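# Coordinate inspection notes
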Amino acid sequence: MPRIFVAIDPGPDARAELSRLLDDLRHAIPTVRWATAEQLHLTLAFLGEIAEASLAAVHGITQAVASAHTPFRLALGAAGAFGPERAPRVAWLGVTGDLPALHALRADLAARLATAGHTLDARPFSPHLTLARLGGAEGPQAVGALLSHQVGAAPWMVGALRVMQSETRPTGAVYTGLGDYPLVAQRK
């Protein structure tokens, strides 16, 4: 059964910068299954497997949240890893820019989803783009290679929320967009 989440897509300049970075990392550490630039997104709410009847409500909530927020700017930020230094589990790239707007958007989405009965991860929101899931001895080497690369900021305007599904396949996760909802509120 597909898993559902709500995300923000990076803009075209950010995707181009991410593509360059990921190509470099693939050459440096070919044993790691690095994401492709097309797969990258910033997850705001991971819902997991939900019933088909609940999916319509998720679309409605996402649309309502998007319509209550104005577009804002983000940019690629510093790299990092989740997990212990000797055995990191995830290599990621953070974001900078209008983080108060991002956190407000995410908090609104989380609150409305919780009201509808969806439980989100209890850990604090840490906005990032997952570049690779690590599980082997190459983890510290992969993180070292990532940290040694210069990444351009590649700013973009966040203009929509996207409801997506994830299907795990032997070749990796496949993400499919199910609906895009523009941020349309007017600035006060």
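Predicted, not measured: the structure shown is a model, and the values here were computed from it. (Residues numbered from 1 in each chain as written. Predicted model: local features only at pLDDT ≥ 70, side-chain atom pairs only at ≥ 80, totals over all residues. Heavy atoms only, no water.)

## Re the overall build of the chain
Counting its regular elements, the chain contains four helices and eight strands. Along the chain, from the amino end to the carboxyl end, the secondary structure elements read β-α-β-α-β-β-α-β-α-β-β-β. Rg of the C-alpha trace for the chain: 17 Å, near the compact-globule value of 16 Å for 188 residues, within the 12% margin. Oriented by its inertia axes, the alpha-carbon framework of the chain measures out at about 45 × 40 × 25 Å. For the chain, the proportion of its 188 residues judged to be buried stands at 44%. When contacts within the chain are restricted to residue pairs at least 6 apart in sequence, those whose partners lie at least 24 apart make up 75%. (Helix = DSSP H or I, 4+ residues; strand = E, 2+ residues; numbered from the N terminus. Rg over C-alpha atoms; globule rule 2.2 N^0.38 Å. Buried < 20%, exposed > 50% of the residue type's maximum accessible area, 1.4 Å probe, protein only. Contact = heavy atoms within 4.5 Å.)

## Some details on the layout of surface pockets
Its boundaries defined by the atoms lining it, the largest pocket holds a volume of some 1300 Å³. Forming the walls of the largest pocket are 41 residues, and the residues nearest its centre are Thr43, Val90, His128, Thr130 and Arg133. Looking at the lining of the largest pocket, the elements that each hand over two or more residues are β1 (3-8), β2 (42-48), β5 (128-133), β7 (160-169) and β8 (172-182). When the residues that make up the lining of the largest pocket are grouped by side-chain class, the tally is 21 nonpolar, 12 polar and eight charged. (1 Å grid on protein atoms, 1.4 Å probe; cavity = no way out; pocket = protein on both sides within 12 Å on 5 of 7 lines; lining within 4 Å. Points joined across faces, edges and corners; volume = space filled by probe spheres on them. Nonpolar A, V, L, I, M, F, W, Y, C, P; charged D, E, K, R; others polar.)

## Quick word on the packing of helix α2 (residues 52-67) against helix α3 (residues 99-115)
Running from N to C, α2 and α3 point in directions that differ by 145°, and their axes come no closer than 10 Å. The two elements α2 and α3 cross, and the hand of that crossing is right-handed. The residues of α3 that touch α2, namely those facing Val58, Ile61, Thr62, Ala64 and Val65, are Leu105, Asp108, Leu109, Arg112 and Leu113. In terms of residue class, the contact of α2 with α3 is built from seven nonpolar, one polar and two charged. (Axes fitted to C-alpha atoms, helices over the stretch in contact; angles between N-to-C directions. Left-handed = near helix turned anticlockwise from the far one by under 90°.)

## A look at the nonpolar core
Ile8, Trp34, Leu42, Leu44, Leu102, Leu131 and Leu161 are the most contacted members of the largest nonpolar core, which has 52 residues in total. For Leu44, the residues in contact, after removing those within four places along its chain, are Val6, Ala7, Ile8, Leu102, Leu105, Arg106, Leu109, Phe125 and Leu161. (Core = buried A, V, L, I, M, F, W, Y, C linked by side-chain atoms within 4.5 Å.)

## A closer look at the pairing of β1
When you tally the buried positions in β1, you get five out of six residues, the bulk of the element. The pairing of β1 with β7 spans five bridges and is antiparallel. Within β7, the residue paired with Phe5 across the bridge is Met164. (Pairing = 2+ DSSP bridges.)

## Notes on unusual backbone geometry
Backbone geometry at Ala154 places phi at a positive 45°, although glycine is not the residue there. In this fold, Ala154 is placed in the loop between α4 (139-148) and β6 (156-158). Judged by its relative accessible area of 14%, Ala154 falls in the buried class.

## With respect to α4
Within the span of α4, buried status applies to Gly139, Ala142, Val143, Ala145 and Leu146. Taken around the axis of α4, the buried residues stretch over an arc of 160°, which confines them to a single face. Within α4, the exposed residues directed more than 90 degrees away from the buried face are Leu147 and Ser148. Against the buried residues of α4 lie α1 (12-28), β3 (72-82), β4 (90-97) and β5. (Arc of directions from axis to C-beta.)

## Thoughts on α3
Its 17 residues place the ends of α3 24 Å apart at the C-alpha level, agreeing with the 24 Å of an ideal helix rising 1.5 Å per residue. Along α3, the residues that are buried comprise Leu102, Leu105, Arg106, Asp108, Leu109, Ala110 and Leu113. Buried residues along α3 sit against β1, β2, α2, β3, β4 and β7. Capping the start of α3, Asp98 holds a side-chain oxygen 3.1 Å from the backbone nitrogen of Ala101, two or three residues further along. Phi for Gly117, located one or two positions after α3, is positive at around 95°. (Expected span 1.5 Å × (residues − 1). Polar contact = N/O pair within 3.5 Å; in protein donor to acceptor, adjacent residues only side chain to side chain.)

## So, the environment of Leu18
The topology assignment puts Leu18 in helix α1. What makes Leu18 buried here is its relative accessible area of 0%. Put simply, Leu18 and Thr36 are 18 residues apart on the chain and 8.4 Å apart in space, counted from C-alpha to C-alpha.

Just distances and angles here, no functional claims.
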